[in-house]
Amino acid sequence: MSYVDGFLLAVPKAKLSAYRALARKAGKIWMEYGALQYVECVEDDVQPGKTTSFPQAVKLKKDEVVVFSYIVYKSRAQRDRVNKQVMADPRLASMDPKTLPFDGKRMIWGGFKGIVEM
């Protein structure tokens, strides 16, 4: 079974191109250090729910879109090694959180153990 880091965030529509460029850069770095797969997805069929939903989870504003992302690893141990290397990489370590093309305070993330894979 693999291990997956999942991410959910709101990106201003006006900054989606900048986010895509950042994601391409980050994805290359994660893959260099051993991630098995790096995927970034933008909402296509995402509706607000009555109780909970992707838009509600990130407190989506009218001028934003939901982005769902995930990175696949062989194991949690490999994920921990890769993430440590990525976070120390100067291509990402020098980024200023204040200039990111999204609000990091509304980003949701976590690590998940696989339970079914086909």
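Here is a short report on the structure shown in this document.

So, how was this worked out
Residues numbered from 1 in each chain as written. Predicted model: local features only at pLDDT ≥ 70, side-chain atom pairs only at ≥ 80, totals over all residues. Heavy atoms only, no water. Patch = residues over 30% accessible without salt bridge, like charges linked within 9 Å, V, L, I, M, F, W, Y side chains within 5 Å. Areas by Shrake-Rupley, 256 points an atom, 1.4 Å probe, with all protein chains shown as cover. Salt bridge = Lys/Arg side-chain N within 4 Å of Asp/Glu carboxyl O. Helix = DSSP H or I, 4+ residues; strand = E, 2+ residues; numbered from the N terminus. Buried < 20%, exposed > 50% of the residue type's maximum accessible area, 1.4 Å probe, protein only. Pairing = 2+ DSSP bridges. Axes fitted to C-alpha atoms, helices over the stretch in contact; angles between N-to-C directions. Phe/Tyr/Trp six-rings, centres within 6.5 Å; stacked < 30°, edge-to-face > 60°.

## Re a nonpolar patch on the surface
Side chains of Ile 115, Val 116 and Met 118 sit close together on the surface and give an oily, nonpolar patch of about 470 Å² of accessible area. With respect to the helices and strands, Met 118 occurs in the segment after strand 4 (108–113). Judged by its relative accessible area of 98%, Met 118 is exposed.

## So, unusual backbone geometry
Positive phi is not limited to glycine here, since Lys 59 has a value of about 55°. By the secondary structure assignment, Lys 59 is in the loop between helix 2 (54–57) and strand 3 (64–73).

## Section: the sheet that holds strand 4
In space, the four strands of this open sheet follow the order 2-3-1-4, with antiparallel pairing throughout. Here the strands that pair on one side only, and so sit at the sheet edges, are strand 2 (37–42) and strand 4. Each adjacent strand pair in this sheet contributes to an overall mean axis angle of 15°, direction not counted. Pairing between strand 2 and strand 3: six bridges, direction antiparallel. Paired with Glu 40 across the two strands is Ser 69, which belongs to strand 3.

## Comments concerning the packing of aromatic side chains
Per the counting criterion, the structure on display carries four aromatic pairs. Centre to centre, the rings of Tyr 19 and Phe 102 are 5.7 Å apart; their planes meet at 80°, and the pair counts as edge-to-face. With Tyr 19 in helix 1 (residues 16–32) and Phe 102 in the loop between helix 4 (90–93) and strand 4, this residue pair connects regions lying 83 residues apart in the sequence. The exposure class of Phe 102 is buried, given its relative accessible area of 15%. An angle of 55° between the planes, with centres 6.4 Å apart, marks the rings of Phe 54 and Phe 68 as tilted. Here Phe 54 is found in helix 2, whereas its partner Phe 68 is found in strand 3, with 14 residues between them in sequence. For Phe 68, a relative accessible area of 36% translates into the label partly exposed.

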